[in-house]
Amino acid sequence: MSRNNSLDLDALRARLESSHGPKYWRSLEEVAETAEFQTFLDDEFPNRTPDWNEPLNRRNVLRVMGASLALAGLTACTKQPAELIVPYVRQPEDIVPGNPLFYATAIPHYGVGTGVLVESHMGRPTKIEGNPDHPASLGACDMFGQASVLALYDPDRAQVVTHNGDIGTWGSFVAALTAAREVAGLKKGDGLRILSETITSPTLGDQIKKFLGDFPSAKWHQYDAAGRHNVYAGGMQAFAQPVNTIYNFAAADVILSLDSDFLLNLPGSLRYAREFIRKRDVAGNNTMNRLYVAECAPSITGGMADHRLRMRAGEVEAFAFAIARAVGVGASGGSSGVHGNAIAAIAKDLQDHKGSSIVITGDFQPPSVHALAHAINQALGNVGKTVLYTDPIAVTPVDQMQSLRDLTNDINSGNVETLLILGGNPVYGAPADVNFSAALDKVRLRAHLTLAENETSAHCTWVVPEAHYLESWSDIRAYDGTVSIVQPLIAPLYGAKSAHNVLSVLAGQGDHEPHDQVREYWQSQHKEADFEVFWQTALHNGSIPDTALPPKKLPAPTTPVASTQTANSAMEVVFRPDPTIGDGTWSNNGWLQETPKPQNKMTWDNAVWMSPATAQRLGVSPAKMDDLQSPRYNAPVVELQIDGRSVRGPVCIVPGHADNSVTVHLGYGRTRTGHVGENLGFNANSIRTTSHPWQAYGVAIAKTSETRQFAITQHTQTMEERDPFRVASLAEYQKDPKFAQIAEKVIPPELSLFPGEFAYNGYKWGMAIDLNSCIGCHACVVACQAENNIAVVGKEETAKGRHMNWLRVDRYYSGKLDDPELYFQPVPCMHCENAPCELVCPVAATVHSTEGLNQMVYNRCVGTRYCSNNCPYKVRRFNFFLYSDWYTKSLAGLRNPDVTVRSRGVMEKCTYCVQRISAKKIESEREDRKVKDGEIVPACAQTCPTQAITFGDLNDRDSRVSKLKTQPRNYGLLEELNTRPRTTYLSRVRNPNPDLERT
């Protein structure tokens, strides 16, 4: 190690390349094994007494004493606010207290719908689940869908109509908009503009088209900050028309991803992930698909790759051209100097699997790469088999970047008198060279329909609260065109309006109800006499049958030429939506802010991602962890300068990132978003331009004297120097299927201090997690938070290691420092048969049930935390303070009434969703039967896109979980400790190309 306060990256690199480095490692500090880091790991509850470092006075003494009493558990019965309980005078017939109802609807995300089922308690939506009958979800849900219910109850939502910052009324807005409409009508709509995000709603699209038909000089513009602009341009370049591309991963044996995180960030990703993982099941046929990923920064798709090809984002185009030539596409332009040895092997693998392969391009790659993928898929015979084309799902597909530029130019030319902005936040999300905020101020009447007031709202004369999708009627298309009716579960909390309301006023139809508009549209499309049956069936099932867009036969794609964005030797800056809060749409969502980003486990912040080698060259190597009051080191801050613009951000060194390139994420640096998301991180949009919105070259990076603290969960709940992850190649697995079972380390059950094997005569619950299926998407983490009323603690407490998530997804590296493999492992409570936590609790707050559950009795817990100290898996969370918000009234409707809302001073942990177990047991007892296999599904397992988590009765030998535990890949975590965990894992199997393994 170097003598200064920085980690010596050369020494870490050498350590990993030698036999002395750890096999699986989680961070640079772990590889370095500094004394400071080890001290941090050895301290079970770091930073528990920071107040004692303050000057001693009467106020601080009393405050510290109060805190110490709380930590000792004596104030665990914190007084809660008084609540008024009023009984029903006449109880509704269709509501039974304690029995939730489920309704089918669809969640819009970047304009595309995903079918979901919403759990409703006494008229309150509390939980989102996937709709198993919907083609886009197949019963799964992602982290954004899970967190969307929190956005409904967000106290920072726009709650009143405002006019020039003063409270107004819906009626006064209607009068103003009607007057503007009449003025525009005299000029056939000239001077009137509509700006929206991507719209796939057939009803809303029909409203806009009819309005434009009556006002032909009015214009409709579209812009999504994280929109699929290059996808549109790629279709135009290849086919001279926009297309929607659908992939059939269920039939694909070889996949080449060109910077596409298709397991997480595409419309249809939930379905794609399910299909992709099913082709990696080695239990029955010992065959697997093979995935190649070319990318700049690590992604969850890259983590699942059999071969991850690290390259700059700008080098992907030249790599794609080289692949195209190797498979016989006559592509000219672009020469790949990276991974030249891999090109021939990948091309041969693709040609050996003609008709059963996929080449897929990321949304943010230039149009030429998209056009190349179309040409390669055509040459390989994939079109019509693994690749399908349909008409676009957007009502009117446009080049959205050009659309935004056209609108701005019209405003600056004085041609816009009225601008109606339907959702979105273009002032924040537009590239810096557009300067949309200055242009917006020139419009006389500018109105913004928005869920929460934001940077765009601050520049508008009228702000109208937008209805959440759980509050209003609409319809929306899924990735394949399937239409779902968006039906509300609750009346608008703040009298909010939807885009349907606003457009009906604009069209001169008055305040026409969205329900009536949607129903009337579909009645006009469905001429048969049985419309009521059609309507009720669509509402019940969550989708309208036969609305998926049919496959479209296209001419042979035009082979593209290289783009003008060809990579050069200059430093590259890459812009991407944030992994957890996207383009800033979810900035004020505490669940997503506190969800660790899969790649680096960071929360509440963005950073300048760079490789270890780039950090060394720039002189920004990470500092040692030497201050236990700040368990994560203070990161150096750098200034990025490009095209006369600059922004400052802290450095995060990410092993596996491409050299000579940095990645910055959008969504942060918000100045007007609400109490949760304001003033976090930096705004990367401030250096983006319309000509280079996703990657640019020639960025200058200068180190500053500033530092910034990160809140990273990587070092909390660590299992230290053990071997928790098991992985082998397909060839190694075929040679030794039991490679994951370390027999010599396992203690036989009979060698125990316990009196004997307990007989479980009823149910015996257990869980199996397939590491070959887990993609690390963190949907399970947010689902657990929503189901179990888990509190958000904030950045400061998270930085101290006090986050409360009951389930974590550990991220492991394996291999070299600069280009390691990436693995994910979900870790809930193990529910050990020989649970170390149960022996040390002085008040029997943690006990074993007759069905094998390790239970927590909150009323007994006095907060000694002995159980956590004795838990080798570190899956327990201590509620240091009153993190649950008892006082914000809107949040009361969010909570699951079947789960206790904990106050401070108690230990919390995964319960296998015992409330769900109890509900199904009661139901089965009432019907005089046993619980069926698969009838009880914990929240984590229910939302998992790939069905990596399986729960059931171990006494039932025919149950799926019992069968999984008999597979040779099954192993227990830290089984050498003889804890006999009920949660076990199925090891990971990779399928590398032998030709590449030898190079």
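(A) Structural context of the overall build of the protein. Across its full length, the protein holds 32 helices and 39 strands. Counting all 999 residues of the protein, 61% fall into the buried class. Pairs at least 24 residues apart make up 75% of the contacts formed inside the protein by residues separated by at least 6 positions. Counting only carbon and sulfur atoms, one obtains 51% of the accessible surface of the protein, whose full area is about 37,700 Å².

(B) Spotlight on the sheet that holds strand 16 (residues 462-465). One open sheet holds the 7 strands; their spatial order is 5-4-16-15-14-6-7, and the pairing between them is mixed. Only two strands of the sheet have a single neighbouring strand rather than two, namely strand 5 (166-167) and strand 7 (219-222). As paired elements, strand 6 (residues 192-196) and strand 14 (residues 418-422) share 5 bridges and run parallel to each other. Paired with Ile194 across the two strands is Leu420, which belongs to strand 14. Contacts from helix 15 (residues 400-412) reach strand 6, strand 7 and strand 14, with the element oriented near 130° to strand 7.

(C) Layout of the sheet that holds strand 2 (residues 112-121). Spatially, 1-2-3 is the arrangement adopted by the 3 strands of the open sheet, whose pairing is antiparallel. The sheet terminates laterally at strand 1 (101-109) and strand 3 (124-130), the two strands that pair on one side only. In this sheet, adjacent strand axes meet at a mean angle of 40° when their direction is disregarded. In this sheet, strand 2 lies alongside strand 1 in antiparallel orientation, the contact comprising 9 bridges. Along strand 2, the bridge assignment pairs His109 with Val112. Packed on one face of the sheet, helix 5 (residues 143-152) meets strand 1 and strand 3 and runs near 170° to strand 3.

(D) Seen up close, the pattern of salt bridges. One pass over the structure, following the stated rule, counts 40 salt bridges. Notably, a salt bridge pairs Glu833 with Arg982, separated by 2.8 Å at the nearest N-O pair. One end of the pair, Glu833, is in the loop between strand 31 (821-827) and helix 26 (836-840); the other, Arg982, is in the loop between strand 37 (970-972) and strand 38 (983-986), with 149 residues separating them in the sequence. Accessibility expressed as a relative area gives 13% for Glu833, which makes it buried. Glu935 serves as the salt-bridge partner of Arg929, at 2.8 Å between the closest nitrogen and oxygen. Its relative accessible area of 18% is what places Glu935 among the buried residues. Look at the salt bridges and you will find they share partners, linking Lys920, Glu923, Glu927, Arg929 and Glu935 into a network.

(E) Structural context of the confidence of the model for the protein. In the predicted model, the protein carries a mean pLDDT of 85, and 87% of its residues have values of at least 70. When the criterion is pLDDT under 50, residues 48-77 qualifies, and its contacts beyond four places in sequence or with other chains add up to 35 contacts. Every residue in residues 625-631 scores below 50 in pLDDT, and together they form 21 contacts with partners more than four places removed in sequence or on other chains.

Reading the values: rules and limits
Residues numbered from 1 in each chain as written. Predicted model: local features only at pLDDT ≥ 70, side-chain atom pairs only at ≥ 80, totals over all residues. Heavy atoms only, no water. Helix = DSSP H or I, 4+ residues; strand = E, 2+ residues; numbered from the N terminus. Buried < 20%, exposed > 50% of the residue type's maximum accessible area, 1.4 Å probe, protein only. Contact = heavy atoms within 4.5 Å. Areas by Shrake-Rupley, 256 points an atom, 1.4 Å probe, with all protein chains shown as cover. Pairing = 2+ DSSP bridges. Axes fitted to C-alpha atoms, helices over the stretch in contact; angles between N-to-C directions. Salt bridge = Lys/Arg side-chain N within 4 Å of Asp/Glu carboxyl O. pLDDT = per-residue confidence, 0-100.

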